[in-house]
Amino acid sequence: MLDLAKEFSLLGFLEETEEDTVTYVMDFPDDVYVTVTDDNGRTPVRAKQNLVLACYDSEGRYRWGSEFKTFMELQKICQAQPAGSPKLLQALKDASKTLKDGE
């Protein structure tokens, strides 16, 4: 069984804790960041569960979201680009669009 906290850390995500929920966060250029939760907005606990990525600007405004069916799908994309890079941000955005900005 994967230790998801360790695996997210290896990909370059930091943990942010609010109440009882851990959210995995990665910062990107232009003051944007991406969060990862399960599809209920909670801490992911299993590798084979839906993951929801949400991108926000520095003011906390939602920009776009993507969904992944498993941690391994997310891992594959994250390992192909440097953590926090504009290329990774674009790859995450293009992976699976649920709602995106007007760019």
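So, here is what we can say about the structure in this document.

Parameters and conventions
Residues numbered from 1 in each chain as written. Predicted model: local features only at pLDDT ≥ 70, side-chain atom pairs only at ≥ 80, totals over all residues. Heavy atoms only, no water. Axes fitted to C-alpha atoms, helices over the stretch in contact; angles between N-to-C directions. Helix = DSSP H or I, 4+ residues; strand = E, 2+ residues; numbered from the N terminus. Left-handed = near helix turned anticlockwise from the far one by under 90°. Contact = heavy atoms within 4.5 Å. Core = buried A, V, L, I, M, F, W, Y, C linked by side-chain atoms within 4.5 Å. Buried < 20%, exposed > 50% of the residue type's maximum accessible area, 1.4 Å probe, protein only. Arc of directions from axis to C-beta. Pairing = 2+ DSSP bridges. Phe/Tyr/Trp six-rings, centres within 6.5 Å; stacked < 30°, edge-to-face > 60°.

Looking at the packing of helix 2 (residues 71–79) against helix 3 (residues 86–95)
Then, in step 1: Contact geometry for helix 2 and helix 3: axes closest at 9 Å, N-to-C directions at 145 degrees. Once helix 2 is placed against helix 3, the crossing between them reads as right-handed. Every residue of helix 3 that contacts helix 2 at Leu74, Ile77 and Cys78 is listed here: Leu88, Ala91, Leu92 and Ala95.

A short note on the nonpolar core
Nonpolar side chains in soluble globular proteins tend to be buried together.
Then, in step 1: Membership of the largest hydrophobic core comes to 23 residues, with the highest contact counts inside it found for Phe8, Phe13, Phe28, Val36, Leu74 and Leu92.
Then, in step 2: For this core, the secondary-structure elements that each account for two or more residues are helix 1 (4–11), strand 2 (21–28), strand 3 (32–38), strand 4 (51–57), strand 5 (62–68), helix 2 and helix 3.
Then, in step 3: Those residues in contact with Phe13 that sit more than four places away from it in its chain are Phe8, Tyr24, Val25, Met26, Val36 and Cys78.

Observations concerning helix 1
Then, in step 1: For helix 1, the complete set of buried residues consists of Leu4, Glu7, Phe8 and Leu11. End-on, the buried residues of helix 1 take up no more than an arc of 100 degrees, which puts them together on one face. Exposed residues lying more than 90 degrees from the buried face of helix 1 are Lys6 and Leu10.
Then, in step 2: Packing partners of the buried residues in helix 1 comprise strand 2, strand 3, strand 4 and helix 2.

Topic: the pairing of strand 4
Then, in step 1: Burial analysis of strand 4 places five of its seven residues in the buried class, which makes it a mostly covered element.
Then, in step 2: Looking at chain direction, strand 3 and strand 4 are connected through seven bridges and run antiparallel. The partner of Thr35 across the bridge, within strand 4, is Ala54.
Then, in step 3: Inspection of the sheet shows strand 4 paired to strand 5 by six bridges, in the antiparallel sense.

Things to note about the packing of aromatic side chains
Then, in step 1: For the coordinates displayed, the defined rule picks out five aromatic pairs.
Then, in step 2: Between the aromatic rings of Phe8 and Phe13, the centroid separation amounts to 5.5 Å while the plane-to-plane angle is 90 degrees, which identifies the pairing as edge-to-face.
Then, in step 3: Of the residues examined, Phe8 reaches a relative accessible area of 0% and is grouped as buried.
Then, in step 4: In this structure Phe13 comes out as buried when scored by relative accessible area, which is 3%.
Then, in step 5: Their ring planes at 25 degrees and their centres at 5.5 Å tell us that Tyr33 and Tyr56 sit as a pair that is stacked. Here the residue Tyr33 occupies a position in strand 3, and Tyr56 occupies one in strand 4, the gap between them amounting to 23 residues.

Notes on the pairing of strand 2
Consecutive side chains of a regular strand alternate in pointing toward one face of the sheet and then the other.
Then, in step 1: Here strand 2 lies mainly inside the structure; six of its eight residues are buried.
Then, in step 2: Bridging between strand 1 (residues 14–18) and strand 2 involves five bridges; their strand directions are antiparallel. When the sheet's bridge partners are listed, Thr17 is paired in strand 2 with Val22.
Then, in step 3: Between strand 1 and strand 2, which pair antiparallel one after the other, the connecting turn spans two residues, and Glu19 there sits at a positive phi close to 55 degrees.
Then, in step 4: Where strand 2 lies against strand 3, five bridges are found, and the strand directions are antiparallel. If you follow Val25 over to strand 3, its bridge partner there is Thr35.
Then, in step 5: The turn linking strand 2 back onto strand 3 is made up of three residues, and Asp30 within it adopts a positive phi angle of 65 degrees.

These figures come from the coordinates and say nothing about function on their own.
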